[in-house]
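# Coordinate analysis (summary)
Given next are the chains, with one letter for each unit.
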Amino acid sequence: MTVHFIGAGPGAADLLTVRAVELLRSSPVCLYAGTYLDPDVLAHCAPGAELIDTQHLDIEQITAHLSRAHAAGHDVARLCSGDPSLYSALTEQTRRLDALGIPWDVTPGVPAYAAAAALLGTELTVPELVQSVVLTRTQARSTAMPASEALSSFARTRATLVLHLAITRIRPLAEELVAEYGADCPVAVVYRASQPDQLVLRGTLTDIADQVESAALRRAAVILIGPALTPTPHCAGSHLYDPARARM
C-alpha cells in the first residue's frame, strides 16, 4: 500500500488534478483536512471508502490511522488543503512514515495563493514593477519563525507579499508594512477562494484591517500585498512578447 499525499487545491471539487481524482477513486481510506475543504471534494472518493476528518486529530493519531491502513493493505489518500509543499505538515508526517517503513508519494495541487490571484484576475509579477513573490506567514499561536525571516526583511524587497495563517493579526501587520510599502499600497484578502462562500476584500494598508474585522474573518484567508495588485497602464510589457524581440 501507499500513502498518497494529495493537494486538494483551494477547496473546489473541480480544481483537483486528474491524478488526484484517480487516486481518490482508488483509495479505500481517505484522511482529509475538513477545516478547509468543500465537502464536494469527497464525492471523488470511492463508494464505501473510509473517510476520516483530521481537523481534531494530532500528529500521532493521524499516524496511527495511516499505520492501521498499511497493516490492512489499504492505499490511503491523505488530502492536504492547497498544495502539500506549503504549510501542510508533510515533513513531520513522512518522517514518521519512513520510520515505520510505510511508502508514500506526493501529488501537487493548486495552492491557495494561486486560486486567490485567479479570483482577483491578477498577475502577481508585473515587468519592471514586481518580479518576485514572497510566500510566508507570521507567528501567533504557532511555531516560531526563524530569526532571519522577519516580515520587515521581506517587506524591504517590495515584492508581492502573500501571507498565510495571518488573518487574525491583520491590523498590526498592516501597520508594520506601511513603512516599506506606503499607506496607500493595495491589499487584497481572499477568503475560501473557489468555494461557495468565497469572499474578496480589496483595500489598502490603511483600511484593510477595518474590512477584515467587519467581515469577522478568522481563518481560511490569504492576504496579498503589493503594487502588482493594481498596476498602472504605463508598466513595461513582457520582453517575451515584445514585437521587437528577435524570434527563432
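Residues numbered from 1 in each chain as written. Predicted model: local features only at pLDDT ≥ 70, side-chain atom pairs only at ≥ 80, totals over all residues. Heavy atoms only, no water.

Under the annotation held in an unreviewed UniProt entry, the protein chain carries the name Precorrin-4 C11-methyltransferase and is attributed to Nocardia puris. The record in UniProt for the protein chain states the following under Pathway (unreviewed entry): "Cofactor biosynthesis; adenosylcobalamin biosynthesis." What UniProt records for the protein chain under Sequence similarities (unreviewed entry) is the sentence "Belongs to the precorrin methyltransferase family." (UniProt positions renumbered as here; feature names shortened; annotations may be inferred.)

You can read the domains of the protein chain as domain 1 (3-107) and domain 2 (112-229). Of note, the centres of domain 1 and domain 2, computed from C-alpha atoms alone, are 28 Å apart. Counting from both sides, the interface comprises 11 residues of domain 1 and, opposite them, 15 residues of domain 2. Taking both sides of the interface into account, the surface hidden between domain 1 and domain 2 amounts to around 980 Å²; carbon and sulfur atoms contribute 61%. Per-residue buried area on domain 1 facing domain 2 is highest for Pro-10, Tyr-36 and Tyr-87; these three make up 53% of the total on that side. (Domains from an automatic or database assignment. Contact = heavy atoms within 4.5 Å. Buried area = accessible area lost by both parts, 1.4 Å probe.)

Counted residue by residue, strand β4 (residues 76-80) has five buried out of five residues, so it is predominantly covered. Because side chains alternate across β4, one face comprises the buried residues Val-76, Arg-78 and Cys-80, and the other comprises Ala-77 and Leu-79, equally buried. Pairing between strand β1 (residues 3-7) and β4: five bridges, direction parallel. Looking at the pairing, Phe-5 lines up with Arg-78 of β4. Here strand β2 (residues 29-32) runs beside β4; their pairing, made up of three bridges, is parallel. Across the sheet, residue Val-29 finds its bridge partner in β4, namely Val-76. (Buried < 20%, exposed > 50% of the residue type's maximum accessible area, 1.4 Å probe, protein only. Helix = DSSP H or I, 4+ residues; strand = E, 2+ residues; numbered from the N terminus. Pairing = 2+ DSSP bridges.)

With 27 residues, the main nonpolar core has Val-189, Ile-223 and Ile-225 as its most contacted residues. Elements that contribute at least two residues to this core include exactly α5 (151-155), β7 (160-164), α6 (170-181), β8 (186-191), α7 (208-215) and β10 (221-225). The element that contributes the greatest number of residues to this core is α6, accounting for five residues. With residues near it in sequence (within four places) discarded, Val-189 still touches Ile-167, Leu-199, Val-200, Leu-201, Ile-208, Val-212, Leu-217, Ala-221, Val-222 and Ile-223. Counting 16 residues, the second-largest nonpolar core is a separate cluster that includes Ile-6, Ala-20, Leu-24 and Ala-49. (Core = buried A, V, L, I, M, F, W, Y, C linked by side-chain atoms within 4.5 Å.)

A separate point is helix α2 (residues 59-71). An ideal rise of 1.5 Å per residue puts 18 Å on 13 residues; α2 measures up with 18 Å between its terminal C-alpha atoms. All of the buried residues along α2 are Ile-59, Ile-62, Thr-63, Leu-66 and Ala-69. Here the buried residues of α2 occupy an arc of 120 degrees about the axis, which is enough to place them on one side. Elements that come into contact with the buried residues of α2 comprise β1, β2, β4 and α3 (90-100). (Expected span 1.5 Å × (residues − 1). Arc of directions from axis to C-beta.)

With that out of the way, let us pick up the sheet that holds β7. Taking strand neighbours across the sheet as the criterion, the five strands line up as β6-β7-β10-β8-β9 in an open arrangement whose pairing is mixed. Two strands bound the open sheet, and with one partner strand each, they are β6 (133-137) and β9 (199-204). Between one strand axis and the next, the sheet turns through 20 degrees on average, direction left out of account. Across six bridges, β8 lies against β9 in antiparallel orientation. Bridging across to β9, Val-190 finds its partner in Val-200. (Axes fitted to C-alpha atoms, helices over the stretch in contact; angles between N-to-C directions.)

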